[in-house]
Amino acid sequence: MRWRDVKAGELGRVQIGERLALAGWAATRRDHGGLVFIDLRDESGLAQLVINPERAPEAARVAHGVRNEFVIRAEGEVAARAPEAVNPNLPTGAVELQVDELEIVARSEPLPFQLDEENVDEGLRLRYRYLDLRREQMQRNLRLSATVVGAIRRFMDDEGFVDIWTPNMSKATPEGARDFLVPVRLQPGRFFALMQSPQLFKQTLMVSGFGRYYQIATCFRDEDLRADRQFEFRQLDLELSFPTRDDVFEALEGSVTASFEALGREPPARPFRRLTWHEAMARYGSDKPDLRFGLELHDATEVTRGSAFKVFGGAPSVQYLTVPQELSRAELASLEELAKEWGGKGLAYLVFDEQGEVRSPIAKFLSEEELEAVRPETPGATVLFGADSPGTVARVLSAVRNHLGRELGLIDESRNEFLWVTDFPLFEWDEDGQHWTFSHHPFTGVRPGDEGLIESDPGAALSQAYDLVWNGWELGSGSIRIHDPELQKRIFRAMGISDEDAEERFGFLLEVLRMGAPPHGGFALGIERFVALLAGERNIREVVAFPKAASGSEPLTGAPTPIAQEVLAELGIQVLPQKD
């Protein structure tokens, strides 16, 4: 017996008069007293079954016992629906299967939620993820993900990149997050780390003579989970030998274009826009700005230096943005609370009415020169200020800008704005450790000409790092790497890592670089973030088959779970009681 001759979504007018078998889930059952209608669903779509007791009395008896999500098999004749019964919204809506034989293949217990139910608690959805995945939205998302990954693979293969798998367990190295550690039974007290990325392996492959490498790599990071973060995620990981930065950009832009085309969508214009890190921070207060709306930041530090308004006069940085409408007191109060949530002390403002008159408790402290310097080009606007350290001002006004873009409907949702952010600082200052640390990772190349700043002025040195941003989401990062072992050791020293420590922690890499390392560079694109945006989702859990919950647990299986003491003992591990 064949379970089915065609899939449900393949049923059409061309098969009218044929006798066919279908199999799948009962999505809905409608009992009209005599006739019974069942919408049968499989991975391809829906088909309507009609069971007439006069035509098939035994099938009608079985149909009365069918409930939602029962697995059934039906055999019968494909017939055209009556004109008034045609469903134009369904690909199979012009036909139906007149059932002669009906079999219940598998029964289902009552569902914890209905598959067409809206606003189901996410915890419940994750607990019964196998049911949640039957829903049209989740089917669409995961199939979209598969289409995108397939398109990326085809493009990379066509461009001469070699797909090379690298280990998931290796030596722990600094990648910006905590490692997941794996104990080794054969070597008690020693641990592998699950790779945060194949960074060192892909650099090693360049020294091995593979000029173009890629893989869809699974990566692991022990960090707090958010809408755009999971413990496990995939990335398009790639590396090239003898590249220019533009070579890397072309590979990524080509992958993005191939993904859009595979989905039948208009790809974004190439080449993508570019901004340096300093330009992005100055204009938007963010290294991942959403370019679909304005509200750019402007500098007022010099014009307010020595201002009678002491908050401005003594601040290291004074920035402002202009909102194209008069904001109410309630709206201003809400924005002030938002500013405080992002680390600001408050949010100063000037409201200019339609006559150009200014309303604000700080206006009396500002000179005419200061007021004119920030006056909007058109009246009926609000000027919002941040005054603090440059980093705090940027963080606060960026959050305010994004909030206003959403709340005031300023974002053009029809646009897709891809952006390369380049020339990041090479180092950033670690306040806790009181030393310089890496901005991206310690293997990032130095901008040519800035090598002399590594020791003399680390904060001024720029890197050859770059990020790809789409509509305010960072899709991934990359850089031209360090291929000179002496330069790599200078970077380590600048971060307070002695030559001895460097050999102990990174000796394998320094050895590799001493064996004839070509210039190389690459990128890592977050697959789930990319797919989530393509699917119109704001949370990557919606494009992951079996994600972790925000708590870090896996509701479906109940993991993580305790491990028996005898197993831990074999690994040389003892679990200490939690401290309050």
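All of the points below concern the structure found in this document. (Residues numbered from 1 in each chain as written. Predicted model: local features only at pLDDT ≥ 70, side-chain atom pairs only at ≥ 80, totals over all residues. Heavy atoms only, no water.)

### What to know about unusual backbone geometry
How we decide: A run of H or I in DSSP becomes a helix once it reaches four residues, and a run of E becomes a strand once it reaches two; helices and strands are each numbered from the N terminus.
The residue after R270, namely P271, is reached through a cis peptide bond having omega -5°. With respect to the helices and strands, P271 occurs in the loop between α6 (245–262) and β12 (273–276). Going from A559 to P560, the amide bond is cis rather than trans, its omega being 0°. Its location among the elements puts P560 in the loop between α15 (527–535) and α16 (565–571).

### Thoughts on the sheet that holds strand β8 (residues 181–183)
Quick reminder of the rule: By definition, two strands form a pair when at least two bridges between them are found by DSSP.
Read across the sheet, three strands follow the order β7-β9-β8 without closing on themselves; strand pairing throughout is antiparallel. Both edges of this open sheet fall to β7 (169–170) and β8, since each of them pairs with a single strand only. Bridging between β8 and strand β9 (residues 191–194) involves three bridges; their strand directions are antiparallel. Looking across to β9, one finds that L181 is bridged to A193.

### With respect to the pattern of salt bridges
Selection rule: The term salt bridge refers to a pairing of a side-chain nitrogen on Lys or Arg with a carboxyl oxygen on Asp or Glu at a separation within 4 Å. Between buried and exposed lies partly exposed: a residue is buried under 20% and exposed over 50% of the maximum accessible area for its type, with that area taken using a 1.4 Å probe on protein chains only.
One pass over the full model with this rule turns up 45 salt bridges. A salt bridge links R481 to E239; the nearest nitrogen and oxygen atoms lie 2.9 Å apart. In this pair, R481 sits in the loop between β22 (473–480) and α13 (485–494) while E239 sits in strand β11 (residues 232–241), placing the two residues 242 residues apart along the sequence. In this pair, the class of R481 matches that of E239, namely buried. The salt bridge involving E372 is made with R375; its shortest N-O contact spans 3.0 Å. By relative accessible area, which is 32% here, R375 ends up partly exposed. Members of the salt-bridge network, linked through shared partners, are R19, R55, R73, E75, E77, D100 and E101.

### Overview of the packing of helix α4 (residues 136–158) against α6
Note the cut-off: Comment: axis = line fitted to C-alpha atoms, over the contacting stretch for helices; angle = value between 0 and 180 degrees taken between N-to-C directions. Angles are sorted into four bins: roughly parallel if under 35 degrees, roughly antiparallel if over 145, roughly perpendicular if 65 to 115, and oblique for all others. Each helix crossing is assigned a hand: it is left-handed if the near helix lies turned anticlockwise from the far helix by less than a right angle, otherwise right-handed if that turn is clockwise. Note on definitions: a residue-residue contact is assigned when non-hydrogen atoms from the two residues lie within 4.5 Å. Charged means Asp, Glu, Lys or Arg here, nonpolar means Ala, Val, Leu, Ile, Met, Phe, Trp, Tyr, Cys or Pro, and polar covers whatever is left, Gly included.
One way to put it is that α4 packs onto α6 with a least axis distance of 8 Å and a crossing angle of 135°. When the interaxial angle is binned, α4 and α6 end up oblique. As α4 runs across α6, the sense of the crossing is right-handed. Facing α4, whose interface residues are T147, V148, A151, I152, R154, F155 and M156, α6 presents E250, A251, G254, S255, A258, S259 and A262. Along the lines of polarity and charge, the residues of the contact of α4 with α6 split into eight nonpolar, four polar and two charged.

### Some remarks on the sheet that holds strand β15 (residues 348–352)
Across the sheet, which stays open at both edges, the five strands sit in the order β13-β14-β17-β15-β16 with antiparallel pairing between neighbours. The sheet is open, and its two edges are formed by β13 (298–299) and β16 (358–359), each paired on a single side. Inspection of the sheet shows β15 paired to strand β17 (residues 381–388) by five bridges, in the antiparallel sense. Within β17, the position partnered with V351 by the bridge is T382. Sitting on the sheet, helix α11 (residues 390–407) touches β14 (317–323) and β17, and the angle it makes with β17 is about 150°.

### Some remarks on the nonpolar core
A general trend in soluble globular proteins is that nonpolar side chains are found buried together. Applied cut-off: Take the buried residues of types Ala, Val, Leu, Ile, Met, Phe, Trp, Tyr and Cys, join any two whose side-chain atoms come within 4.5 Å, and each joined set is a nonpolar core.
Counting 39 residues, the largest nonpolar core has L236, L238, L468, F523 and F530 as its most contacted members. L468 has contacts with V256, F272, F418, L419, W420, W473, E474, L475, G476, F523 and L525, leaving out every residue within four places of it along the chain. Formed by 26 residues, the second largest nonpolar core is a distinct cluster that contains A56, A59, L97 and V99.

### Here we look at the environment of R125
Mapped onto the elements, R125 comes out in helix α2 (residues 122–127). Counting along the chain gives 32 residues from R125 to G93, while the straight-line C-alpha distance between them is 30 Å. Not counting residues up to four positions away in its chain, the partners in contact with R125 are F113, V120, D132, R135, M138 and E542.

### A look at the packing of aromatic side chains
Using the following cut-off: Aromatic rings from Phe, Tyr and Trp, with only the six-membered ring used for Trp, were paired whenever their centres fell within 6.5 Å, and each pair was classed as stacked if the ring planes differed by under 30 degrees, edge-to-face if by over 60, and tilted otherwise. Only Lys NZ and Arg CZ are tested; either one counts as a charge over a ring when it is within 6 Å of the ring centre and within 35 degrees of the ring normal.
Across all of its chains, the model carries 19 aromatic pairs by this definition. Judged by centre distance (5.2 Å) and plane angle (75°), the ring pair of F180 and F231 falls under edge-to-face. Within this pair, whereas F180 is found in the loop between β7 and β8, its partner F231 is found in the loop between β10 (212–220) and β11, the two being separated by 51 residues in sequence. For F231, a relative accessible area of 15% corresponds to the buried category. An aromatic cluster of three or more residues is present, and its members are F260, F272, F418, W470 and F530. Between R127 and the ring centre of Y128, over which it is positioned, the NZ or CZ distance is 4.6 Å. When the ring centre of F293 is taken as origin, the NZ or CZ atom of R401, which lies over that ring, is 4.0 Å away.

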